[in-house]
Amino acid sequence: MAPFVTANVEFTLVHELMHVLIDEAGVPVLAREEDQADYLAAITLLSQKSGFPGDPKKPAPGAADWPIEGGPLAPAVITRMQAILDAWRVEWTISEQDNMELPYADPHAMEIQRLFDMACLTYGRDPERLKDFKIANELPGERADLCAEDFAKAERGLEFIKTTLKNSATSAKGAGDFEIRLIYDHAVTSTHQQYKAWLENASIIKPLIDAINRDYYLPRAIAVRFRPCGQVNAYWEPKDAQVNMCYELLDRFVHLTRFYQQYAVERRKTVLGTAKAKGAFD
């Protein structure tokens, strides 16, 4: 349960931090902002060359170096991304079974669309080694053929943003370079106390924030606060310069684990097994 929950909290946090960069550092928004935040968050987690956990001692690749040769994805990264996809699969399956009205006007893409977008970026990061991943997550062949290029473009975009912000900060007179601070509010219930322990001891949240502090210029100090909110949510509040990560959101992820095995794990196994039986790998 804990790895599934923490993986989804990590992605949600990075997604919200991308909203911070868009607002605070002036990252241009050329399409739906929620999609852009998803892409930037995914590339931050997937990239070994230009994103987390990048090596600050190594120079970033130049524009002429793209697409770049990346090493194989670490198993922990694949496991983390799969947990994120599985959460969207479970949410989508629940909404289908409950005949929920489709949120066409929502600023976020629907869960099934976010699943395929993130599956594509993950597969595109290492297509030679992730053929099983592609099939198990039902990524159509015509989309999969574009994923390596999609990943390279998104990774190049992330590096462009970093370089542009760094150059802007360097040239600006009197520009500050403030940090993101991580705060855990007191958890009242025993369940939320357990969540707090997971986040403090079994997540990559601290090094993620360290990496973002290293790679990006921010014009003011930002707080990331894990706290009870009275709602299932995570949101960036510009007027308070604060990202609010609600313990109730973790309640939701824990709830999804009730359906995780049936709706996600067993479905992936069935899809992959059927594909192999039909000779999809011949």
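Just above, that's the structure.
Sequence order sets the numbering: in each chain, residues are counted from 1 along the sequence as written. The predicted origin of the model limits local features to residues at a pLDDT of at least 70 and limits the giving and counting of side-chain atom pairs to 80 or more, whereas totals for whole chains, interfaces and linings rest on all residues. Only hydrogens and water are removed before side-chain values are computed, so all heavy atoms of the structure are retained for them.

**Student:** Before we go on, may I ask you to explain helix α9 (residues 205–215) in this structure?
**Tutor:** Residues lying three or four places apart along an α-helix face the same way, a consequence of the helix completing one turn every 3.6 residues. When we look at burial in α9, the residues that qualify are Ile205, Leu208, Ile209, Ala211, Ile212 and Asn213. Those residues of α9 that are buried are in contact with α1 (2–24), α2 (33–46), β1 (180–184), α8 (190–201) and β2 (222–227). Think of it in three bands: with a 1.4 Å probe and only protein chains considered, a residue is buried below 20% of the maximum accessible area for its type, exposed above 50%, and partly exposed in between. For the purposes of this entry, the term helix denotes a DSSP run of H or I that reaches at least four residues, the term strand denotes a run of E that reaches at least two, and both are numbered from the N terminus. Any two residues whose heavy atoms approach within 4.5 Å are treated as being in contact.

**Student:** Even after reading the chapter, I still don't get the packing of helix α3 (residues 75–97) against helix α4 (residues 111–125), so can you show me in this structure?
**Tutor:** A pair of packed helices is captured by two measures, namely the crossing angle of their axes and the spacing between those axes. A fitted line through C-alpha atoms represents every axis, and for helices the fit uses only the stretch in contact; the resulting angles, taken between N-to-C directions, go from 0 to 180 degrees. Following both chains from N to C, one finds α3 and α4 inclined at 160°, their axes separated by 8 Å at the closest point. For the element pair α3 / α4, the angle class is roughly antiparallel. Classified by chirality, the crossing of α4 by α3 is left-handed. Contacts between α3 and α4 pair Met81, Leu85, Trp88, Arg89, Glu91 and Trp92 from the former with Glu111, Ile112, Arg114, Leu115, Met118, Ala119 and Thr122 from the latter. Any residue outside Ala, Val, Leu, Ile, Met, Phe, Trp, Tyr, Cys, Pro, Asp, Glu, Lys and Arg is labelled polar, Gly included; the first ten of those are nonpolar and the last four are charged. Here the contact of α3 with α4 is composed, by residue class, of eight nonpolar, one polar and four charged. If an angle is under 35 degrees, it is roughly parallel; if it is over 145, roughly antiparallel; if it lies from 65 to 115, roughly perpendicular; otherwise it is oblique. Note: crossing handedness is left-handed where the near helix turns anticlockwise from the far helix by less than a right angle, and right-handed where it turns clockwise.

**Student:** Just checking my understanding: could you explain the state of the cysteines for this structure?
**Tutor:** By definition, a disulfide links the sulfur atoms of two cysteines through a covalent bond. In this description, the term disulfide denotes a pair of cysteine sulfurs within 2.5 Å. Inspection of the entire model under this criterion finds two disulfides. Residue pairing for cysteine 120: its cysteine sulfur links by disulfide to cysteine 147, the two sulfurs lying 2.0 Å apart. Judged by the sign of its S-S torsion, about -120°, the bond between cysteine 120 and cysteine 147 is left-handed. One end of the pair, cysteine 120, is in helix α4; the other, cysteine 147, is in helix α7 (residues 147–171), with 27 residues separating them in the sequence. Taking relative accessible area as the criterion, cysteine 147 reaches 0% and is therefore assigned buried. Between the sulfur atoms of cysteine 229 and its disulfide mate cysteine 246 the distance is 2.2 Å.

Function cannot be read off these values alone, since they describe shape.
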